[in-house]
Amino acid sequence: MNFNTKVIHGGQHHESATGSVNVPVFLTSTFAQKSPGIHSGYEYSRAANPTRQALEDSLASIENGARGLAFGSGLAAIDCVLKLLNPGDEVIAVDDLYGGTYRMFVRLFEKYQLKFTFVNFDDVSKIADLITDKTKLIWLETPTNPLMKLVDIKAVTDLVKGKDILVAVDNTFASPYIQRPLDLGADIVMHSATKYLGGHSDVIAGALIAKDAELGEKLHFIQFASGGILGPHDSYLVLRGIKTLALRMQRHSDNGLEIAKYLENHPAVEKVFYPGLKSHPQHDLALKQMKESGGMVSFTFKSGKKEDAIKFLEKLKVFTLAESLGGVESLANHPALMTHASIPAEKRAELGITDDLVRLSVGIEDKDDLIADLERAFA
Ligand SMILES: *Cc1c(COP(=O)(O)O)cnc(C)c1O
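A few points on the structure. (Residues numbered from 1 in each chain as written. Predicted model: local features only at pLDDT ≥ 70, side-chain atom pairs only at ≥ 80, totals over all residues. Heavy atoms only, no water.)

1. A few points about the sheet that holds strand E4 (residues 135-141)
Phase 1 of the analysis: The 7 strands are arranged E1-E7-E6-E5-E4-E2-E3 in an open sheet whose pairing can be described as mixed. The outermost strands of the open sheet, each flanked by one partner alone, are strand E1 (67-71) and strand E3 (115-119). Across the sheet, the mean angle from the axis of one strand to that of its neighbour is 20°, orientation sign disregarded.
Phase 2 of the analysis: Sheet topology note: the E4/strand E5 (residues 166-170) ladder contains 5 bridges and is parallel. Along E5, the bridge assignment pairs leucine 140 with valine 169.
Phase 3 of the analysis: Along the sheet face, helix H2 (residues 50-62) touches E1 and strand E7 (206-210) and points at about 130° away from the line of E1.
Phase 4 of the analysis: Packed onto the sheet, helix H4 (residues 99-109) meets strand E2 (90-94), E3 and E4 and runs at close to 150° relative to E3. (Pairing = 2+ DSSP bridges. Helix = DSSP H or I, 4+ residues; strand = E, 2+ residues; numbered from the N terminus. Axes fitted to C-alpha atoms, helices over the stretch in contact; angles between N-to-C directions. Contact = heavy atoms within 4.5 Å.)

Spelled out as structure tokens, the structure:
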């Protein structure tokens, strides 16, 4: 099956009792048994629920994995991966991580004696020197937020081939329409399904997809034992979102590229961060590992002034000034004051998150209306 078919049919079947074409929302905590221990395959909804199961099968299908798991948030999914580890284990992670991931690693899991090293993955050969016999997990995010840096997933998985080290990729920004890390050798894909998978800014959800069934079973055990599952109604919303993922991601990408080009030619703009532009330092890698470049575009002002960024954001009408991303509607964000405010100012400066940086989540509206909105705000 090709991807455009998988988003609709992958892992899906009509409901067996009635033939219902859509998976019903199974609002039930428990399931009747014929005789003690003899049941339909479902016992209690923390372990498995048919609506969540349909979503999990869809997730496995679209990421080319053996097992999908759906969680109450993206962070609950990451929490599950870290619980594979034991005290003393070491994790190497990208330095430009989603803030909530960084917060969980450092403020929750360091106290359980996990050791985290945060590094720039621009030169993957340098990562080899950081690997010790205690390294058990490499945590990647590509593209990163908000500076759209890329990591060469294949180069990282080649580096650890044959070693007892898992490679996990947060694929939230790209979505499987654009990039499929398991095909590039990764072991686990993670999503904030709140973003592009859900796609309509109406649900908080997370996902893991494991390359092989054995690892999938270990992750399921942790999910079942820790309890961070996604409820049936939210599972239905994400499953419904996935059905239009291919259509949406293509439009997000088409609009994203148009807007990135528009910004690059605008006299008030200093720098545009978008992997689909030839000026992006890793444009060749984008062509290699991504089908399209998605809907996230960041830029800075020629003036370098924070006030210009703020004034610009206040004037937008079609773009909504809000945190989050990946929905059908366009959003604009000031990372230094909003999504990345919890990162200390010096650390932000080190990463390049300046006070004149604006991040756009380009939606699926008409591109001319979006560009007119930006033009008005610049004026
Ligand atoms: C939003 C986000 C998360 C966290 O997901 P939640 O659903 O908010 O818990 C993790 N990684 C990335 C890249 C995100 O954008």
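2. What about helix H10 (residues 306-315)?
Phase 1 of the analysis: Every buried residue of H10 is listed here: Ala309, Phe312 and Leu313. In a view along the axis of H10, the buried residues occupy a sector of 95°, so they form one face of it. The exposed set on the far side of H10, more than 90 degrees from its buried face, consists of Glu314 and Lys315.
Phase 2 of the analysis: Residues of H10 that are buried make contact with strand E9 (296-301), strand E10 (320-321), strand E11 (331-333), strand E12 (358-361) and helix H12 (367-378). (Buried < 20%, exposed > 50% of the residue type's maximum accessible area, 1.4 Å probe, protein only. Arc of directions from axis to C-beta.)

3. Let's talk about the packing of aromatic side chains
Remark: the centre distance and the inter-plane angle together describe each pair of aromatic rings, the angle taken between the planes.
Phase 1 of the analysis: Counted according to the given criterion, the structure contains 15 aromatic pairs.
Phase 2 of the analysis: Taking 5.9 Å as the distance between ring centres and 90° as the angle between the ring planes, the aromatic pair formed by phenylalanine 105 and tryptophan 139 counts as edge-to-face. Residue phenylalanine 105 is located in helix H4, and its partner tryptophan 139 is located in strand E4; the two are separated by 34 residues in the primary sequence.
Phase 3 of the analysis: The exposure class assigned to tryptophan 139 is buried, which follows from its relative accessible area of 0%.
Phase 4 of the analysis: Ring centres of phenylalanine 109 and tyrosine 112 lie 6.1 Å apart, and the angle between their planes is 55°; this geometry places the pair in the tilted category.
Phase 5 of the analysis: Given the relative accessible area of 7%, phenylalanine 109 is considered buried.
Phase 6 of the analysis: Among the aromatic residues, ring-to-ring pairing joins Tyr102, Phe105, Phe116, Phe118 and Trp139 into one connected group. (Phe/Tyr/Trp six-rings, centres within 6.5 Å; stacked < 30°, edge-to-face > 60°.)

4. Notes on the sheet that holds E9
Phase 1 of the analysis: Taken together, 5 strands build an open sheet; the order of strands is E8-E9-E12-E11-E10 and the sheet is mixed. In this open sheet, the two strands that pair with only one neighbour each are strand E8 (269-273) and E10.
Phase 2 of the analysis: Note: E10 against E11, 2 bridges, orientation parallel. When the bridges of E11 are listed, leucine 321 appears paired with alanine 332.
Phase 3 of the analysis: Its contacts with the sheet put H10 on E9, E10, E11 and E12, and the angle it makes with E9 is roughly 130°.

5. Quick notes on the environment of alanine 260
Phase 1 of the analysis: Here alanine 260 is to be found in helix H8 (residues 245-264).
Phase 2 of the analysis: Residues alanine 260 and glycine 276, 16 residues apart in the sequence, show an inter-C-alpha distance of 8.3 Å.
Phase 3 of the analysis: Dropping the residues within four chain positions of it, alanine 260 is found in contact with Val272, Tyr274, Leu277 and Val297.

6. Observations regarding the environment of glycine 276
Phase 1 of the analysis: Mapping glycine 276 onto the fold places it in the loop between E8 and helix H9 (283-289).
Phase 2 of the analysis: Those residues within four positions of glycine 276 in sequence are excluded, and the remaining contacts are Leu257, His283 and Ser293.

7. A word on the pairing of E12
Phase 1 of the analysis: Both faces of E12 are covered, namely the face carrying Val358 and Leu360 and the face carrying Arg359 and Ser361.
Phase 2 of the analysis: The pairing of E9 with E12 spans 4 bridges and is antiparallel. By the bridge assignment for E12, valine 297 is matched with leucine 360.

8. Description of the layout of surface pockets
Phase 1 of the analysis: Roughly 570 Å³ of volume is contained in the largest pocket.
Phase 2 of the analysis: Leu75, Tyr98, Ser192, Lys195 and Ser324 are, among the 31 residues lining the largest pocket, the residues nearest its centre.
Phase 3 of the analysis: Elements supplying a minimum of two residues to the lining of the largest pocket: helix H3 (74-82), H4 and strand E6 (188-192).
Phase 4 of the analysis: In terms of residue count, H4 provides more of the lining of the largest pocket than any other element does, 4 residues in total.
Phase 5 of the analysis: Considered class by class, the residues forming the lining of the largest pocket number 9 nonpolar, 15 polar and 7 charged.
Phase 6 of the analysis: Among the domains, domain 1 (3-242) and domain 2 (247-378) are the pair contributing at least three residues each to the lining of the largest pocket.
Phase 7 of the analysis: Lining the second largest pocket are 20 residues; nearest its centre among them are Gln12, His13, His14, Glu15 and Val23.
Phase 8 of the analysis: Those elements that place two or more of their residues in the lining of the second largest pocket are helix H1 (3-9), H2 and helix H7 (232-243). (1 Å grid on protein atoms, 1.4 Å probe; cavity = no way out; pocket = protein on both sides within 12 Å on 5 of 7 lines; lining within 4 Å. Points joined across faces, edges and corners; volume = space filled by probe spheres on them. Nonpolar A, V, L, I, M, F, W, Y, C, P; charged D, E, K, R; others polar. Domains from an automatic or database assignment.)

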